[in-house]
Amino acid sequence: MESQQNGHAYESDAPKILCRVSSGDSSSSASNATEMNDCHDSRPHSPVLPIAQYRPLISRINRRIEKGKRWFSCEFFPPRTASGAVNLLSKFDRFAKGRPLFCDVTWHPAGNPMSDAPTSSIMVASAMLNYSGIDTMLHVTCVGLPEERMTAALERAKGLGLKNILALRGDLPEAPEDGAGGSGDVNNGDLLGDFKYAVDLVRFIRKRYGSFFNICVAGYPTGHPEASSYADDLLRLKEKPDTFLKFQSDCRQLGIRCPIIPGVLPIQAYQSLRHIVKLSKLAVPDEIIRTIEPIKENDEAIRNYGIFQCTQLCRKLLESGEVHGIHFYTLNREVATIEILRNIVGLWHEDLPRPLPWKHSANHERCGELVRPVFWSNRPTSYVHRTLHWEEFPNGRWGRPDAPAFGELKDYYLFYLTVRATKKDRLNMWGEQLASERDVWRVFVNFVSGEPNANGFRVTRLPWSDEELQQESRAIRDQLVALNSRGVLTINSQPNVNGLPSGDSTYGWGGPGGYVYQKAYLEFFLPGQFLAALEQVLDRFSPRVNYQIVNREGTVNRLNFSQQEPIALTWGVFPASEIIQPTVCDNGAFMAWKDEAFGLWTQEWANLYPEGSDSRRIIQGIAEDYLLVTLVDNEFPAENCLWSVVEQVLTTQSQQGALV
């Protein structure tokens, strides 16, 4: 494991270097430096909307410094188990709500960091970037690696969309004992491979990849613990930016001039503090040691002290006027860091409007993406996964039905696609045993209502929802509860909206000064025997209501709108901007979604139970028999008519059943 000492720095065509200093005490910390090519936001009048062109981190940092705005960033390390990866991804999502400027993931050479395993550094970094929507920096250590393996690692990172690299030497390998064929001298090429220092890696990346990667390098302001002297270590730090700043003749006249991001490690437990101190070879101030020694056996007291101490430290740094951002070493823990962030004005930004109605990806190739189908609203990680191979992403309208196909979803088991709950938690929520379909209906009712089930557990996840019921759907919660209690199993919905301000706390999105609109939408599973009643009622509501009806096999496939044209579901009007239409209902996308939606019944739910069990048969029976239905009410200024549609379907079916 790397020492918790690294910071970040960046450079554009005009030499701008940024260092990040670690540790709560600046006298015992390290800093990092990186470079990025400058890039401008193509949508200056709508600063909250996604940019159409990648804007590197240095430009965003400098913009915040110029405007006096604060920010934060965080560091995480790969977990040891697959279940740990699922839990860590949930933490990323919770941190993402506070809008970090970026986060980084450490490199663990002993843990096969380039593999496809959910515990590998590169897969954790990819998940953070692509599925949690956080601009991500990947640590890479070079010592002991040949150029071929380093090239493979960088190619993998590039292919996953990672553009930010923290180039580190890494811990030196242990040298053979005297007489065993070597010595501990760092010049031993057999031990160090093709890279002796991090600067060698920087040169290698620049030569091989040009300006594609934004490179960050590390340095200790007080000297690296293994350096022969402070002066020698400073020369090494100054040499690293020379690789890409050599064209600036005056950049070394006064040394490295850089804005500094302090990195702080909140004290959360006595033993973890001792472990970090041992790894980093850094000193802890005496006053801190004197305070925590008497309470070292009391974890809660230690954590509370750490929160107080770190809050005070961060406030002092930010109030100095010299610091605008702070980097937190989280140790993969969230409670203390988030509490500290909430304590400090201007760091945690959960109250900002959403950039778009759906969760975006931070991959540089998707930064201009503005349109998605509605079906994956509650399962955005799957949508990103199934469209990773696309070369272009819709940024004005959805496009033609012959646009690039969705990748087939077979990887339900992947840690970033599976329901973010353990098997035990899922059984607690969805039932250890099912006696009938009505038991399944009750699970949906508990999810929508937020009320605990009969065993006292809250249903916070469904196979079709990565998170709890969306805030805007809570406005129609009573209607959803009524439908689910009668076997209309809803998996996606939105109420109609007619010109609310874009800053509205529930329905708002996009930049300031705009207005947002949306049509009422309802998506649900319904028993197959309701098909005739459904068609009979929908004929009376057409063309006001557009619909799609399909079963798992596709032998039932009904719709009343053109397969060639998508239906706009959500749009916004903003100053000095074209109308933004971010959510659509499209038949081609729906047919790709229906395979996934039906597959989730068996892959995520039925497979929880033993083969041949009644519980498994019930879930499989639903997947085989039920219909998947979408309804759109086009008259968004009027009262939502979809409740009447479904009520009439239920009444008609009841009457027909009575006649039979």
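Taking an unreviewed UniProt entry as the reference, the protein is identified by name as Methylenetetrahydrofolate reductase belonging to Macrostomum lignano. Annotation of the protein in UniProt includes, under Cofactor (unreviewed entry), the sentence "FAD".

Draft legend 1. Region of interest: helix H14 (residues 437–449). Between its first and last C-alpha atoms H14 spans 19 Å; for 13 residues at 1.5 Å apiece the expected length is 18 Å, and the two agree. The buried count for H14 comes to 10 of 13 residues, which makes it a mostly enclosed element. Three or more residues of H14 are buried, namely Asp 439, Val 440, Trp 441, Val 443, Phe 444, Val 445, Asn 446, Phe 447, Val 448 and Ser 449. Where H14 is buried, its residues touch helix H13 (423–430), helix H15 (477–484), strand S11 (489–494), helix H17 (587–605) and helix H18 (614–625). One or two steps after H14, the chain reaches Gly 450, where phi turns positive at roughly 80 degrees.

Draft legend 2. Local environment of the nonpolar core. Ranked by internal contacts, the top residues of the largest apolar core, which has 92 residues, are Val 440, Trp 464, Phe 525, Trp 601, Trp 605 and Leu 631. For this core, the element with the most residues is H17, which contributes 9 residues. Excluding residues within four positions of it along the chain, Val 440 makes contact with Leu 434, Leu 489, Trp 601, Trp 605, Ile 618, Ile 619 and Ile 622. With 68 residues, the next largest nonpolar core counts Phe 92, Ala 125, Leu 201 and Leu 414 among its residues.

Draft legend 3. Structural context of the sheet that holds strand S19 (residues 627–633). Spatially, the 5 strands line up as an open sheet ordered S11-S14-S19-S15-S16, and their pairing is antiparallel. Strand pairing shows two members of the sheet lacking a second neighbour, S11 and strand S16 (557–559), which therefore form its edges. Averaged over neighbouring strand pairs, the angle between their axes works out to 10 degrees when direction is ignored. Relative to S19, strand S15 (residues 545–551) is paired through 7 bridges, and the arrangement is antiparallel. Residue pairing across strands places Asn 551 opposite Leu 627, the latter belonging to S19. Packing against the sheet, helix H16 (residues 531–541) makes contact with strand S14 (520–526), S15, S16 and S19, and its axis sits at approximately 165 degrees to S15. Along the sheet, H17 contacts S11, S14, S15, S16 and S19; its crossing angle with S15, the most-contacted strand, is approximately 45 degrees.

Draft legend 4. Local environment of the sheet that holds strand S12 (residues 497–501). Pairing is mixed across the open sheet formed by 5 strands, whose spatial order is S10-S18-S17-S13-S12. Each edge of the sheet is formed by a strand with only one pairing partner; in this case those strands are strand S10 (372–373) and S12. In this sheet, strand S18 (residues 580–585) lies alongside strand S17 (residues 567–573) in antiparallel orientation, the contact comprising 4 bridges. Residue pairing across strands places Thr 570 opposite Thr 583, the latter belonging to S18.

Draft legend 5. Quick peek at the packing of aromatic side chains. Evaluation of the coordinates by the stated rule reveals 28 aromatic pairs. A ring pair is formed by Tyr 383 and Trp 390, whose centres lie 6.5 Å apart and whose planes are at 80 degrees; its orientation type is edge-to-face. Exposure remark for Tyr 383: the relative accessible area of 1% places this residue in the buried category. Relative to Trp 601, the ring of Trp 464 has its centre 4.7 Å away and its plane inclined at 65 degrees; by these criteria the two rings are edge-to-face. Placement of the pair is Trp 464 in the loop between H14 and H15 and Trp 601 in helix H17, with a sequence separation of 137 residues. The exposure classification of Trp 464 matches that of Trp 601, with both residues buried. Clustering of aromatic rings is evident, with ring pairs tying together Phe 375, Trp 376, Tyr 383, Trp 390, Phe 393, Phe 406, Phe 590 and Trp 593. The ring of Phe 212 carries Lys 158 above its face, with NZ or CZ at 5.0 Å from the centroid. The positively charged end of Lys 163 is found above the aromatic ring belonging to Phe 212, 4.0 Å away from the centroid.

Draft legend 6. Region of interest: the packing of helix H10 (residues 299–319) against helix H11 (residues 335–343). Put simply, H10 and H11 touch, their axes get as near as 9 Å, and they point 40 degrees apart. What the angle tells us is that H10 and H11 run oblique. Note that H10 runs across H11; the crossing there is right-handed. Between H10 and H11, the residues in contact are Arg 303, Gly 306, Ile 307, Cys 310, Thr 311 and Arg 315 and Ala 336, Glu 339, Ile 340 and Asn 343, respectively. Among the residues making up the contact of H10 with H11, the classes are represented as 4 nonpolar, 3 polar and 3 charged.

Draft legend 7. Structural detail: empty space enclosed by the protein. Counted according to the given criterion, the structure contains 7 cavities of 30 Å³ or more. Put simply, the second largest cavity is a space of about 120 Å³. Along the walls of the second largest cavity sit 13 residues, with Asn 378, Leu 469, Ile 491, Asn 492 and Ser 493 positioned nearest its centre. Elements with a minimum of two residues in the lining of the second largest cavity: H14 and S11. In the lining of the second largest cavity, the residues fall into 5 nonpolar, 7 polar and 1 charged.

Draft legend 8. Molecular detail of helix H4 (residues 147–159). With 13 residues, H4 should cover 18 Å at 1.5 Å per step; its first-to-last C-alpha distance of 18 Å lies within 8% of that length. Buried within H4 we find Met 150, Thr 151, Ala 153, Leu 154 and Ala 157. Within H4, the buried residues cover an arc of 160 degrees as seen down the axis, which keeps them to one side. What points out from H4, more than 90 degrees from its buried face, is the exposed set Glu 148 and Gly 159. A positive backbone phi angle near 95 degrees is found at Gly 161, which sits one or two residues after H4.

Basis of the calculations
Every residue gets a number counted from 1 within its own chain, in the order that chain's sequence is written. Reporting of local features is limited, given that this is a predicted model, to residues whose pLDDT is at least 70; pairs of side-chain atoms are given and counted only at 80 or more, and all residues count toward the totals for whole chains, interfaces and linings. Hydrogens and water molecules were not included; the side-chain quantities draw on all heavy atoms of the structure. UniProt positions are given in the numbering used here, feature names are shortened, and annotations may be inferred rather than shown by experiment. Only DSSP runs of H or I covering at least 4 residues are called helices, and only runs of E covering at least 2 are called strands; the numbering of each starts at the N terminus. In this scheme, a helix's expected span is set at 1.5 Å multiplied by one less than its residue total. Note on exposure labels: buried denotes an accessible area under 20% of the residue type's maximum, exposed denotes more than 50%, and partly exposed covers the range between, all computed with a 1.4 Å probe on protein chains only. A contact between two residues is defined here by any heavy atoms of the two lying within 4.5 Å. Buried Ala, Val, Leu, Ile, Met, Phe, Trp, Tyr and Cys residues that are joined via side-chain atoms within 4.5 Å together make up what is termed a nonpolar core. Strands pair, by our definition, only if DSSP identifies at least two bridges between them. Note on method: axes are straight lines fitted to C-alpha atoms, helices fitted across the in-contact stretch only, with angles between N-to-C directions ranging 0 to 180 degrees. Two rings belonging to Phe, Tyr or Trp (six-membered ring only in the last case) form a pair when the distance between their centres is within 6.5 Å. Interplanar angles under 30 degrees mark stacking, angles over 60 mark edge-to-face geometry, and anything in between is tilted. Criterion for a charge above a ring: Lys NZ or Arg CZ within 6 Å of the ring centre, and within 35 degrees of the ring normal. The labels follow the angle: roughly parallel below 35 degrees, roughly antiparallel above 145, roughly perpendicular from 65 to 115, and oblique for the rest. Here a crossing is taken to be left-handed if its near helix is turned anticlockwise relative to the far helix by less than a right angle, and right-handed if that turn runs clockwise. Throughout, the ten residues Ala, Val, Leu, Ile, Met, Phe, Trp, Tyr, Cys and Pro are labelled nonpolar, Asp, Glu, Lys and Arg are labelled charged, and all others, Gly among them, are labelled polar. In this analysis a 1.4 Å probe is tested at points of a 1 Å grid over the protein atoms alone, and where it fits but cannot get out there is a cavity; an open set with protein on both sides within 12 Å along at least five of seven lines is a pocket; lining residues have an atom within 4 Å of a point. Grid points are joined across faces, edges and corners, and a volume is the space filled by probe spheres set on the points. In this description, the arc belongs to the directions extending from the helix axis to the C-beta atoms.

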